[in-house]
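Structural features, examined
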Amino acid sequence: MPLRVFVAGATGVVGRTLLPRLRQRGHHVTALLRTAGRAQGLPGADEVVVGDVLDLPRLRQVVRHAEPDVVVAQVSGFRGPDYDDALARTARLWEDGTRNLVAAAAEAGVRRVVAQSMVAAYCPNGHDVLDEDSPLWIDAPGRWGEAVRAVAGMESAVVDRSDLEGVVLRYGSLYGPNTWYAPGGLVHEQVRGSALPLVTDGVGLTSFTHVEDAASAVVEVLTAGETGTYNVVDNEPAECAEWLPAYARMIGGPAPLSLTLDQARAQLDWLTVHRLTEQRGATNFRLRETLGWRPGWPSWREGFATMFGLWPG
Ligand SMILES: NC(=O)c1ccc[n+]([C@@H]2O[C@H](COP(=O)([O-])OP(=O)(O)OC[C@H]3O[C@@H](n4cnc5c(N)ncnc54)[C@H](OP(=O)(O)O)[C@@H]3O)[C@@H](O)[C@H]2O)c1
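By the naming in an unreviewed UniProt entry, the protein chain goes by Nucleoside-diphosphate-sugar epimerase and is assigned to Saccharopolyspora gloriosae.

This is the structure:
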């Protein structure tokens, strides 16, 4: 059945991939943009409204006017050269912005809210590959702890309501066009500049998500799935020792340097060391079993290779 869908973050890497898919399914799409100028070249919106997710009065107005069945929150602030700033910006956008979207949606009688989150927030304890019942690392050190507490607060604001259905999609490391893994992106440039090393035996795990799979999961949960959290990741969590040299080869970059843990701690920021050495992967079992969702890009190997023209795709 065609729905009215309100998308915040429509101009982002997931939003731009999502909008045409929603249109293909016959849904009516209202895109929230920060400025009217951002509408240029935006595919798939039936209607554009201007507003900021941090401006609740304006958000109330535009959501009420759009009369959506579902509100989709794909806002984040990871763009920019300074990761600490990007993290703090995203934490605020998720905690306050997504919370505002939920409040505006509830007041407008919206049936369901779908919001993005990230598997990187899991506490690195227990199994290598974590499911949705694994705890988030709310007592992590420093800025990462602040960010994870914001993620946890946002997720509760979405799923703990009785007046609407809340679905949280926890993405893995997003890759695809215009992401950190594309030319000019943060990881791409770090690898080219030998700034992302292998630390000891490189056992930190990363679960990847192609932006097309993030978008297909949003489409899937517009109508299906119970209130709750779902990991949206590929089928192959990868150790750093595996994906980093493979990625470097695919982009024609230098082989990653090898550092001891002490060297890494002296040269890199805490979060990077955590990712490279102790981060866990995530499983998509819940989404596969409950909704039959399958990633279109089941492995980062084929996804990266296709991105760099090394695989037919
Ligand atoms: N999303 C994740 O979980 C995650 C985690 C780690 C790394 N990354 C990497 O970071 C890259 C950057 O992408 P991103 O994920 O941050 O998304 P993005 O592609 O930059 O999209 C963010 C979206 O949020 C919108 N937005 C930001 N602030 C807003 C506000 N106050 N009100 C309304 N809308 C607002 C942006 O609008 P404007 O177009 O106006 O800016 C944009 O549409 C990704 O490609 C990925 O490689 C992502």
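1. Focus on the overall build of the protein chain
Along its length, the protein chain carries eleven helices and 15 strands. Relative to the compact-globule value of 20 Å for 313 residues, the protein chain shows a C-alpha radius of gyration of 19 Å, a close match. Seen through its C-alpha atoms, the protein chain measures out along the principal axes to roughly 55 × 45 × 40 Å. Looking at the protein chain as a whole, 53% of its 313 residues qualify as buried. Restricting to contacts in the protein chain with at least 6 residues of sequence separation, those with at least 24 account for 74%.

2. Some remarks on the packing of aromatic side chains
Inspection of the entire model under this criterion finds 18 aromatic pairs. Taken together, a centroid distance of 5.6 Å and an interplanar angle of 70° make the contact between Tyr83 and Trp180 edge-to-face. Taken together, the residues Tyr83 in helix H3 (residues 83–107) and Trp180 in the loop between strand E8 (173–175) and helix H5 (186–192) connect sequence positions 97 residues apart. Cluster of aromatic residues (ring-pair linked, three or more members): Tyr175, Tyr181, Phe208, Trp243, Tyr247, Trp300, Phe304 and Phe308. Stacked on the ring of Trp144, the Lys or Arg Arg275 has its end atom at 5.6 Å from the ring centre.

3. Description of the site of the ligand
Contacts to the ligand come from 22 residues, most closely from Thr11, Val13, Arg34, Arg38 and Ser76. At 3.0 Å from an oxygen atom of the ligand is found a main-chain nitrogen or oxygen belonging to Gly12. Arg34 places a side-chain nitrogen or oxygen 2.6 Å from an oxygen atom of the ligand. When isolated, the ligand has an accessible area of 900 Å², and the protein chains bury 91% of it.

4. So, a positive patch on the surface
A cluster of basic residues, Arg34, Arg38, Arg79 and Arg89, forms a positive patch at the surface. Within the secondary structure layout, Arg79 lies in the loop between strand E4 (70–73) and H3. On the basis of relative accessibility, which here comes to 55%, the residue Arg79 falls in the exposed class.

5. Examining the sheet that holds strand E7 (residues 165–171)
Spatially, the seven strands line up as an open sheet ordered E3-E2-E1-E4-E5-E7-E12, and their pairing is parallel. Strands with a single pairing partner mark the edges of an open sheet, and in this sheet they are strand E3 (47–50) and strand E12 (228–232). Put simply, the sheet's adjacent strands are angled 20° from each other on average, direction ignored. Examined bridge by bridge, strand E5 (residues 112–118) and E7 share seven bridges and lie parallel to one another. For Met118, the partnering residue across the bridge sits in E7 and is Tyr171.

6. Points about helix H6 (residues 211–221)
When you tally the buried positions in H6, you get nine out of eleven residues, the bulk of the element. Among the residues making up H6, those that are buried are Val211, Asp213, Ala214, Ala215, Ser216, Ala217, Val218, Val219 and Val221.

7. Observations concerning the packing of H3 against helix H4 (residues 142–159)
For the pair H3 and H4, the least separation of the axes is 9 Å and the interaxial angle reads 15°. Taken together, the axes of H3 and H4 are roughly parallel relative to one another. In the packing of H3 onto H4, the handedness of the crossing is left-handed. In this structure, H3 uses Tyr83, Asp84, Asp85, Leu87, Ala91, Trp94, Glu95, Thr98, Arg99 and Val102 to contact H4, whose residues at the interface are Arg143, Trp144, Ala147, Arg149, Ala150, Val151, Gly153, Met154, Ala157 and Val158. Looking at the contact of H3 with H4 residue by residue, the classes come out as twelve nonpolar, two polar and six charged.

8. Notes on the pairing of E4
The side-chain alternation of E4 yields two buried faces, one formed by Val70 and Val72 and the other by Val71 and Ala73. The pairing of strand E1 (residues 4–8) with E4 spans four bridges and is classified as parallel. Bridging across to E4, Val5 finds its partner in Val70. Bridging between E4 and E5 involves four bridges; their strand directions are parallel. Bridged to Val71 within E5 is Val113.

Calculation rules
- Residues numbered from 1 in each chain as written.
- Predicted model: local features only at pLDDT ≥ 70, side-chain atom pairs only at ≥ 80, totals over all residues.
- Heavy atoms only, no water.
- Helix = DSSP H or I, 4+ residues; strand = E, 2+ residues; numbered from the N terminus.
- Rg over C-alpha atoms; globule rule 2.2 N^0.38 Å.
- Buried < 20%, exposed > 50% of the residue type's maximum accessible area, 1.4 Å probe, protein only.
- Contact = heavy atoms within 4.5 Å.
- Phe/Tyr/Trp six-rings, centres within 6.5 Å; stacked < 30°, edge-to-face > 60°.
- Lys NZ or Arg CZ within 6 Å of the ring centre and 35° of its normal.
- Near = heavy atom within 4 Å.
- Polar contact = N/O pair within 3.5 Å; in protein donor to acceptor, adjacent residues only side chain to side chain.
- Areas by Shrake-Rupley, 256 points an atom, 1.4 Å probe, with all protein chains shown as cover.
- Patch = residues over 30% accessible without salt bridge, like charges linked within 9 Å, V, L, I, M, F, W, Y side chains within 5 Å.
- Salt bridge = Lys/Arg side-chain N within 4 Å of Asp/Glu carboxyl O.
- Lys, Arg positive; Asp, Glu negative; His and termini not counted.
- Charge placed at Lys NZ, Arg CZ, Asp CG, Glu CD.
- Pairing = 2+ DSSP bridges.
- Axes fitted to C-alpha atoms, helices over the stretch in contact; angles between N-to-C directions.
- Parallel < 35°, antiparallel > 145°, perpendicular 65-115°, else oblique.
- Left-handed = near helix turned anticlockwise from the far one by under 90°.
- Nonpolar A, V, L, I, M, F, W, Y, C, P; charged D, E, K, R; others polar.

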